[in-house]
Amino acid sequence: MRYTLQDKVAALCDPANHPLPVSAVQPIETPFSWVFLAGERAYKMKKPLPSGLQDLSTLERRRLHCREALRLNRRLAPKVYLDVVPLAADTDGRLRVDGPGRPVEWLLAMRCLKSGPMLNQRLLRGEADEADMRRIAWQLAGFHRWQPCLRLDPAGYRLHLWQRVSDCEAVLRRPECGLLPRGVDVLMAALRAWLASHAPLIDARALAGCVIEAHGDLRPEHVWLGEPLAIIDALAISRDLRQQDGADDVGFLALEIERAGAPALSEALLRHYAEASGQAPPRELSHFYRALRACERASHAIAHLGEARHQGDPRWRRRARQYLALAACHLRAARTPLGRRHPAQGAPTPPG
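Residues numbered from 1 in each chain as written. Predicted model: local features only at pLDDT ≥ 70, side-chain atom pairs only at ≥ 80, totals over all residues. Heavy atoms only, no water.

Engineer: What's the story with the overall build of the chain in this structure? I'm lost.
Structural biologist: In terms of regular secondary structure, the chain is built from 12 helices and 10 strands. For the chain, the C-alpha radius of gyration of 22 Å lies close to 20 Å, the compact-globule estimate for 352 residues. The principal-axis extents of the C-alpha atoms in the chain amount to approximately 70 × 45 × 45 Å. The buried share of the chain, taken over its 352 residues, is 50%. Taking the contacts inside the chain whose residues are at least 6 apart along the sequence as the reference set, 66% of them involve residues at least 24 apart. Computed over 51 positive and 39 negative side-chain charges, the inter-centroid distance for the chain is 2 Å. (Helix = DSSP H or I, 4+ residues; strand = E, 2+ residues; numbered from the N terminus. Rg over C-alpha atoms; globule rule 2.2 N^0.38 Å. Buried < 20%, exposed > 50% of the residue type's maximum accessible area, 1.4 Å probe, protein only. Contact = heavy atoms within 4.5 Å. Lys, Arg positive; Asp, Glu negative; His and termini not counted. Charge placed at Lys NZ, Arg CZ, Asp CG, Glu CD.)

As structure tokens, then:
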């Protein structure tokens, strides 16, 4: 008997099909997954998508993806990520989580976390403080320190960064995005000019082993400030995208904290990270990475306009413009010698 995605979702929404007693199941759909909150447990099921960064069209490929996601996430949240379990069909055809019978799907089983201690919620309520930044920074610094160094070919790493700029530009220049092409051109040219003029610095980072298999998607909604601190949802879809400079990894979180309206906490995070790691990344490099990340986040926001459910929603253009303003700000800082004021004249401006 073949089971459709709808059959699996229906089974997972039924409390009777879960191994632990639960009164109700809350399903959450994302573009690539379904997540089911079932009392003390949460289960993530990947959609059988045949394209994109990773082909998940077969049951075996989804099983391997779940195993990889378990490995990656146990590095920073070992008590949250529990196991990979089957959704199995018994002899009567009934689907049960971690039940007897033939596996028809594979699930990543996790401990369900309460939303209150999530960093994004604490930022929203104005409750996040410097002590939180210190906890996060020391956890990240230790994580980065113990990851195997990827001693990459410097030219290849520079090409990788160059490609990230090109990928952003391809999205941001789409006519339907409503952004001024001249503004996008100036911003992308500034990123490329910085890369060209700082090639020795980029090469030195690659040769020194600063590029690691990082978390890859460090956002406030992925940082749980309970006990023990847990950083969840590592980027599992692409190893190439996880190969990042540690300064880029932590810089992304600093950028998102800044966008949430807490620039002082953003700087506190980077200051404590430098203390914990024992080596502050060059100031101009940190600003460049944040500028590049801001452009990528702008392109992700704009990409939502291509989805049927988001077409015509003005918030995505507003969010993209907010990120691009941050990108312009960090590019000014990346190009300004330490100790001088950031000159407004000649600086890139966000495309309106």
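Engineer: When you look at helix 10 (residues 263-277) in this model, what are you seeing that I'm missing?
Structural biologist: Side chains of residues three or four places apart in an α-helix project in the same direction, reflecting 3.6 residues per turn. The end-to-end C-alpha distance of helix 10, which contains 15 residues, comes to 21 Å, matching closely the 21 Å that a straight helix rising 1.5 Å per residue would cover. Buried residues of helix 10: L265, S266, A268, L269, L270, H272, Y273, A274 and A276, and no others. Residues of helix 10 that are buried in the fold lie against helix 3 (119-124), helix 4 (130-146), helix 9 (246-259) and helix 11 (283-303). (Expected span 1.5 Å × (residues − 1).)

Engineer: What is the right way to look at the nonpolar core in this model?
Structural biologist: If you look at soluble globular proteins, the nonpolar side chains tend to sit buried side by side. The biggest cluster of nonpolar side chains holds 42 residues, and the ones touching the most others in it are L172, L187, M188, L191, C295 and I302. Put simply, the parts of the chain that give this core at least two residues each are helix 5 (154-172), helix 6 (181-197), helix 7 (199-207), helix 9, helix 11 and helix 12 (315-334). When residues in this core are grouped by element, the largest group, 10 residues, is from helix 11. Apart from the residues lying within four places of it in its own chain, the contact partners of I302 are V171, L172, C177, L179, R317 and A320. With 26 residues, the next largest nonpolar core counts L229, L253, L269 and L270 among its residues. (Core = buried A, V, L, I, M, F, W, Y, C linked by side-chain atoms within 4.5 Å.)

Engineer: Just to check I follow, could you spell out the packing of aromatic side chains for this structure?
Structural biologist: Describing an aromatic ring pair means giving the distance of the ring centres and the angle of the ring planes. With the rule as written, the count across this model stands at 3 aromatic pairs. An angle of 5° between the planes, with centres 4.3 Å apart, marks the rings of W194 and F288 as stacked. Here W194, found in helix 6, pairs with F288, found in helix 11; they are 94 residues apart in sequence, far enough to count as distant. Seen from their ring centres, F288 and Y289 are 5.9 Å apart, and the 50° between their planes marks the pair as tilted. Of the residues examined, F288 reaches a relative accessible area of 0% and is grouped as buried. By relative accessible area, Y289 is classed as buried at 0%. Members of the aromatic cluster, each reached through a chain of ring pairs, are W194, F288 and Y289. (Phe/Tyr/Trp six-rings, centres within 6.5 Å; stacked < 30°, edge-to-face > 60°.)

Engineer: I tried to follow helix 11 on my own but got confused; where do I start?
Structural biologist: With 21 residues, helix 11 should reach 30 Å at 1.5 Å per residue; the first-to-last C-alpha distance of 31 Å fits that figure. Of all 21 residues making up helix 11, 17 are buried, and the element is well covered by its neighbours.

Engineer: Teacher, can you tell me more about the sheet that holds strand 1 (residues 26-29) here?
Structural biologist: Within a sheet, each strand pairs with its neighbour through backbone hydrogen bonds, oriented either parallel or antiparallel. Taken in spatial order, the 6 strands make up an open sheet running 1-2-3-6-4-5, and their pairing is antiparallel. A single partner strand is all that each edge strand has here, and the edge strands are strand 1 and strand 5 (95-97). With direction set aside, neighbouring strand axes in the sheet form an average angle of 25°. By the bridge criterion, 6 bridges tie strand 2 (residues 33-38) to strand 3 (residues 41-46) in an arrangement that is antiparallel. Bridging from a neighbouring strand, V35 pairs with K44 of strand 3. Strands strand 1, strand 2, strand 3, strand 4 (81-89), strand 5 and strand 6 (102-111) of the sheet are contacted by helix 1 (residues 5-13), whose axis makes an angle of about 15° with strand 2. (Pairing = 2+ DSSP bridges. Axes fitted to C-alpha atoms, helices over the stretch in contact; angles between N-to-C directions.)

Engineer: What is the right way to look at the pattern of salt bridges in this model?
Structural biologist: Pairs can form between side chains of opposite charge whenever their charged atoms are close. Enumeration according to the criterion identifies 29 salt bridges in this entry. Across the pair R67 and D83 runs a salt bridge, and its minimum N-O distance is 4.0 Å. Taken together, the residues span a long stretch of sequence, with R67 in helix 2 (residues 59-74) and D83 in strand 4 at a distance of 16 residues. The partly exposed category is assigned to D83, whose relative accessible area is 35%. (Salt bridge = Lys/Arg side-chain N within 4 Å of Asp/Glu carboxyl O.)

Engineer: Help me out: how do you make sense of unusual backbone geometry in this one?
Structural biologist: Note: most residues except glycine have negative phi, and most peptide bonds are trans. Here the amide bond leading from E227 into P228 is cis, since omega sits at -10°, within 30 degrees of zero. Tracing the sequence through the fold places P228 in the loop between strand 8 (223-224) and strand 9 (230-231). At D98, a position not held by glycine, the phi torsion is positive, near 55°. According to the relative accessible area criterion, D98 is partly exposed, its value standing at 47%. We note that D233 has phi near 55°; this positive angle belongs to a residue other than glycine. Positionally, D233 belongs in the loop between strand 9 and helix 8 (239-242). D233 gets classed as partly exposed once you look at its relative accessible area, which sits at 26%.

Engineer: Could you clarify how one ought to interpret the side chain of H215 in this entry?
Structural biologist: As for its position among the elements, H215 is in the loop between strand 7 (211-213) and strand 8. With near-sequence residues (within four places) excluded, H215 lies in contact with R75, L76, F143, H222, I231, I232, D233, A234, L235, R242 and D249.

Engineer: Teacher, can you tell me more about the pairing of strand 4 here?
Structural biologist: It is a general feature of regular strands that their side chains alternate between the two faces of the sheet. In terms of burial, strand 4 is a largely internal element, 7 of the 9 residues being buried. Taken together, the 3 bridges between strand 4 and strand 5 define a ladder with antiparallel strand orientation. Across the sheet, L87 pairs through a bridge with V97, a residue of strand 5. In sequence, strand 4 turns back onto strand 5 through a hairpin of 5 residues, with G93 there showing a positive phi of about 90°.

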